Every structure is written in structure tokens, then in C-alpha cells.
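Notes for the structure review
Next come the chains, spelled out residue by residue.
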Amino acid sequence: MIQLEHIDYDYQEIPALRDITYSFEMGNCYCLEGPNGCGKSTLFRILNGLAFPTGGRYLLDGEAITEKRLRDDAFAKVFHAKIGYVFQNSEVQLFCKNVEDEIAFGLFQLGLPEDEIRERVEKYIRLLKLEPLRKRTPYNLSGGEKKRVALGAVLAMDPPILMLDEPLSGLDEDGQQWITDFIASLKSTGKLIIISTHNRELAERLADVHVRMDKDHRIICP
Amino acid sequence: MRLNLKVMELTGRLLKNDRENAGRKPSPVAPALRVGAAVLCILLCAISQNAVYVITVIAVELLRLALMPPERILRVLKALILPVIFTALIMLPAVFFGHPRTMLTVTMKVCESVLVLAVMNESLDWREVTEAFSVTKGMAVFVLILDMTMRFLMILGDYSDKLLEAVMLRSVGKTNWKNAKVDGILGTTFLKSRQMAEATSEAMACRCFDGQYRSYHRHRFTWQDVLFLGVYAAMIALFVMTK
């Protein structure tokens, strides 16, 4: 469970988040909606420990997540293993030689046994229909394929929390439909899913809870 | 300006090679063995004191080259011609001092080394080269850096290519400012590379990166590898015989 208590964040003295107090419960799918520049991506960065609030507290499973704590490598590893983050631009997220290596990367970091790594890689390659792409270099793939690889790489680590930043951006209609269906199929897994989106259709289809942010960088409609 | 153009030319060439290699079927022989054979070949030629060995290697490499597509042959010959002419010119005084064989030996050795490397460059994809290095466990960080560098070169090469196209589409007539735009493109590409590097490092942190970098694909020793070891044996045998 994620708890945010009076989170403020300023970017070079310009406010990006103001007094955000909210709880994200396990098993629910939250859609974070709002106009450009309202702070959705900043909030995602804070939730993933990539930025730290200038005020307030962020608690994950009751533990405060601070810059100091994340400097401890062991703690950071446990923390990042709990949260899977699919970036808006999948290209920056894919850095291995081929699709297989990309999915196996996180599993090697978790120190899983070889057999389990192979099992999981094969499972997610099948699940995300990546068989014909398995030996391809990720940066040579299309936008939709990159998104699927990024999703596979994150899901293979089996994080209890999944965050998706604009999962439909840059995809064609078929790609959008496929990703939407796939995320919908994940809802039954009991994971906490947080999606940042502009897409009303996606939000209507997937959200258990709509979280709206306004131009003043606050949550207005929990 | 010339340097900028050279950088863009290099990234463009890398991108082209990468696209050409994208659909290629990988060789069944372990990349480490193929890179090792090239290194051994150059090493043996360097210490060989018999021209027969060097000439034999050049002949075999030229035969391999002849089996390649014409555009690859052209690239190899282009890479070969300058170092060979340069070495021959540098060694030319040896002829006047009464040692014509020295000139011939050194030039042939340079020709052989460049030829072996150029043919290897054409027959091996950069992914296979880094895979060859990853056989040694201590090289993980080196391989990671190499892979990342290549990836960024490809992506940024593509990016600067698109920027160039955009400039081209907005350019009408014959003007000097088009050349000046090359600086702007490289500047923008540099800023983009910084943003991408930061985002990639964050993505790696999100996937618990702790310095481990292993390949999922493990090359299993096959009969093709055993056959290829015969190439090693043949090279050493020829070297010993011609010594």
C-alpha cells in the first residue's frame, strides 16, 4: 500500500506538486488523469524513488521512502523490486542487445536461479506475443513492439505494484487496443496498478478509481 | 565543421550496417572463437619470419572476401588501401638502403592485419563482438559500456538523421547557412543524448541494477565450434611448418 502525506515538490522553485495526500490500495487500478504539466509524471518519479518530495512523507507498506534510505543499495533493491515502472518513452527503458536479454535483465538482478529465469522469460515472451522478436534489437522495433517488450521486462520481475506512464502514447489503434486488453487482464492478479493517462476511454475501461489532478498540481477528485 | 560531418558520417554508417545486419542469420560458431581466430591470426603473422605464412593468410582472407556481397568487398578494400599505401611509402627508404625485403615484409604484414580485421568487421555484427567479450566474467561492466555506447550511437545517429531531413525539407536554394546547421544538429543531439542517458540510468535503477550484466543466450559448444577449432590448429600448424 502506498500512502502520500502532504507531498510537495518544487522544480527549480516552480511548484510541481502541492499538498498531495492520498492512499493507493493493493488490488485496485487507479487512473491518474489531468492536463499536461499538472504533475502526473513528477508524482510517478516520486513514487518510483527517482525524485524526492520537498515536503511531506511517502510511505510504502508503512516504511518511509527517503533519499537517505534509498542510498542503501540493499534497501533500494527491495524497494525497486516492489514497483514495476513502464516509462512513457519505452525507448529509454530498453538497453539490452535483444528482447530475450531485455526480459532477463531484471531477473538476473534479482538473483533468481537460472531455471526460473528461463521459465519466466519464456512465459512473458509467449504472453506478450514476442516470439518472432526474441532475437531482435529493441531499438529497431516499432513503438507498439517496444511497449510490449518494456511491459514484459517489467512484469517478468513480478512486482506487486505496476505503474504505467501514458501506456497508449504513440501507439496505433490496434496497439492501443492490445495494450488496453492486456492491462485489463492484469487487474485480476491482485496487483496495485497506477496508470497515468490523458485517454478517457482507457481510464473509463480500466479504472477502479479515477484520480484527477488540476493545473494547481493538486489532487481534486479522489 | 569537417569533424562534425565526420561524426555524422560515422553514425550514419553504423546505422546502415546495423540495419543490414538486423535480419541476418547468426553464425553457429561461437563469436568468441571467431574473434579469437582473428587475434591469433594477426599475432602469428606479426611474429612470423616467413613470407609464405603471411601470403597464405592473405590468400585465404581474399578468398573469404571474394565470397562476400560486392558492397562489402568495396568497403573492405577501401579500408585496406590507405594503410597499405601509407606503409609502403613509409618503408620506401628501406629499398634505397638495400633492404627491399623489409619493405615488402612490413607492408604485407600490415595488409594482412588490416584485411583480417576488415573481413571480421564485415562478417561479425557488433552484438557478436560484445558477446565474444562477455565470455570472460570480469568483463561485464566493459561489455555493458560497449553495448550502451553502440546503442546510443545507433539511436542518436537515427535522431540526427531525422534532424538533417528536417533541415533539408526547410532548405530552398543554394545557401551557406545549411552547413552551419550541422553544428545545431550536433548540439541538439548532444542534449538529447544527455536526457536519454539520465532516463536510461533511472530505468536501470528501477529494474534493480546492481552491476550484473549477463546474456540470456548461452552459447553451447557445437560440432561447428569443434570444426572451427580446426582452423586454429591449421593456423598454428602452418606457422610451425613455415618457421
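The structure displayed is predicted, hence computed values, not measured ones.

Rules of the game
- Residues numbered from 1 in each chain as written.
- Chains lettered and ligands numbered in written order.
- Predicted model: local features only at pLDDT ≥ 70, side-chain atom pairs only at ≥ 80, totals over all residues.
- Helix = DSSP H or I, 4+ residues; strand = E, 2+ residues; numbered from the N terminus.
- Rg over C-alpha atoms; globule rule 2.2 N^0.38 Å.
- Contact = placed C-beta atoms within 7 Å.
- Buried ≥ 20, exposed ≤ 12 C-beta atoms within 10 Å, placed from the backbone.
- Nonpolar A, V, L, I, M, F, W, Y, C, P; charged D, E, K, R; others polar.
- Pairing = 2+ DSSP bridges.
- UniProt positions renumbered as here; feature names shortened; annotations may be inferred.
- Expected span 1.5 Å × (residues − 1).
- Axes fitted to C-alpha atoms, helices over the stretch in contact; angles between N-to-C directions.
- Parallel < 35°, antiparallel > 145°, perpendicular 65-115°, else oblique.

Focus: the overall build of chain A
Within chain A one finds eight helices and 10 strands. The C-alpha atoms of chain A give a radius of gyration of 17 Å, which matches the 17 Å a tight globule of 222 residues would have. With the C-alpha coordinates of chain A rotated into their principal frame, the extents come out at 45 × 40 × 35 Å. Taking all contacts inside chain A whose residues are at least 6 apart in sequence as the whole, residues at least 24 apart take part in 68%.

Observations concerning the overall build of chain B
Across its full length, chain B holds nine helices and zero strands. Reading the secondary structure of chain B in the N-to-C direction produces α-α-α-α-α-α-α-α-α. Relative to its 243 residues, chain B shows a buried fraction of 21%. Restricting the contact set of chain B to residue pairs at least 6 apart, pairs at least 24 apart contribute 77%.

Let's talk about the interface of chain A and chain B
Every contact between the two is made by 26 residues of chain A and, on the other side, 24 residues of chain B. For the side of chain A that touches chain B, the secondary structure elements donating two or more residues are α3 (73-82) and α4 (99-109) of chain A. Among the elements that line the side of chain A that touches chain B, the one with the most residues is α4(A), at seven residues. Looking at side-chain class alone, the side of chain A that touches chain B contains 13 nonpolar, seven polar and six charged residues.

Considering the environment of P160(A)
All names here are of chain A. In this structure, P160 sits in the loop between α6 (143-155) and β7 (161-165). On the basis of neighbour count, P160 is assigned to the partly exposed category, with 16 C-beta atoms found within 10 Å. Spatially, the C-alpha atom of P160 lies 6.4 Å from that of L192, the residues being 32 residues apart in sequence. Sequence-distant contacts of P160, that is, excluding residues within four places in its chain, are made with M26, K82, K191 and L192.

Points about unusual backbone geometry
Residues other than glycine seldom take positive phi values, yet H6(A) does so here, at roughly 50°. Within the secondary structure layout, H6(A) lies in strand β1 (residues 2-11). You can call H6(A) exposed: it has 12 C-beta atoms within 10 Å. The backbone of C208(B) shows a phi angle near 60°, a positive value even though the residue is not glycine.

Details of the pairing of strand β2 (residues 14-24) of chain A
Residues and elements named next belong to chain A. Bridge analysis of β1 against β2 gives seven bridges, and the strand direction is antiparallel. Within the sheet, the bridge partner assigned to Y9 lies in β2 and is L17. Here β1 folds back onto β2, and the loop between the two strands holds two residues, one of which, Q12, carries a positive phi near 45°.

Considering helix α1 (residues 40-47) of chain A
Residues and elements named next belong to chain A. Within α1, six of the eight residues are buried, which leaves it mostly tucked inside the rest of the structure. Of the residues making up α1, those classed as buried are K40, T42, L43, F44, I46 and L47. Note on α1: the residue one or two positions beyond its end, G49, has a positive phi of about 70°.

Topic: the sheet that holds strand β4 (residues 55-60) of chain A
Residues and elements named next belong to chain A. Read from one edge of the open sheet, four strands run β2-β1-β4-β5, paired in antiparallel fashion. The sheet is open, and its two borders are formed by β2 and β5 (63-64), each paired with just one other strand. Pairing of β1 with β4 involves five bridges; the strand directions are antiparallel. Within β4, the residue paired with E5 across the bridge is R57.

As for the UniProt feature "transmembrane region" (unreviewed entry) in chain B
Residues and elements named next belong to chain B. Here, the residues flagged by UniProt with the feature "transmembrane region" (unreviewed entry) are residues 35-63, 75-96, 132-154 and 221-241. Secondary structure within residues 75-96 divides into 100% helix and 0% strand; the distance between the first and last C-alpha atoms comes to 34 Å. For residues 221-241, helix accounts for 90% and strand for 0%, while the C-alpha atoms at its two ends are 29 Å apart.

Observations regarding helix α5 (residues 100-123) of chain B
Residue and element names in this part refer to chain B. Its 24 residues place the ends of α5 34 Å apart at the C-alpha level, agreeing with the 34 Å of an ideal helix rising 1.5 Å per residue. Along α5, the residues that are buried comprise M103, T107, C111, E112, V114, L115, V116, A118, V119, M120 and E122. The inward-facing, buried residues of α5 abut α2 (31-47), α3 (51-66) and α4 (70-96).

Topic: the pairing of β7(A)
Residue and element names in this part refer to chain A. Counting buried positions over the five residues of β7 gives five, a clear majority of the element. Along β7, one buried face is formed by I161, M163 and D165 and the opposite face, lined by L162 and L164, is buried too. Here strand β6 (residues 83-86) pairs with β7 via four bridges, running parallel. Across the sheet, V86 pairs through a bridge with L164, a residue of β7.

Topic: the packing of α2(B) against helix α6 (residues 126-133) of chain B
Residues and elements named next belong to chain B. It is at 8 Å that the axes of α2 and α6 come closest, and there the two elements cross at 90°. Relative to α6, the element α2 lies roughly perpendicular. Every residue of α6 that contacts α2 at P31, A32 and V35 is listed here: E128, V129, E131 and A132. Residue classes in the contact of α2 with α6 are distributed as five nonpolar, no polar and two charged.

Considerations on the environment of T200(B)
Inspection of the secondary structure puts T200(B) in helix α8 (residues 177-206). Setting aside anything within four residues of it in sequence, one finds T200(B) in contact with V92(A) and F95(A).

Some details on the packing of α3(B) against helix α9 (residues 223-242) of chain B
All names here are of chain B. Interhelical geometry of α3 versus α9 gives an angle of 150° and a closest axis separation of 8 Å. Taken together, the axes of α3 and α9 lie roughly antiparallel to each other. Counted together, V52, Y53 and T56 of α3 and L238, F239 and T242 of α9 form the full contact between these two elements. Class assignment for the residues of the contact of α3 with α9 results in four nonpolar, two polar and no charged.

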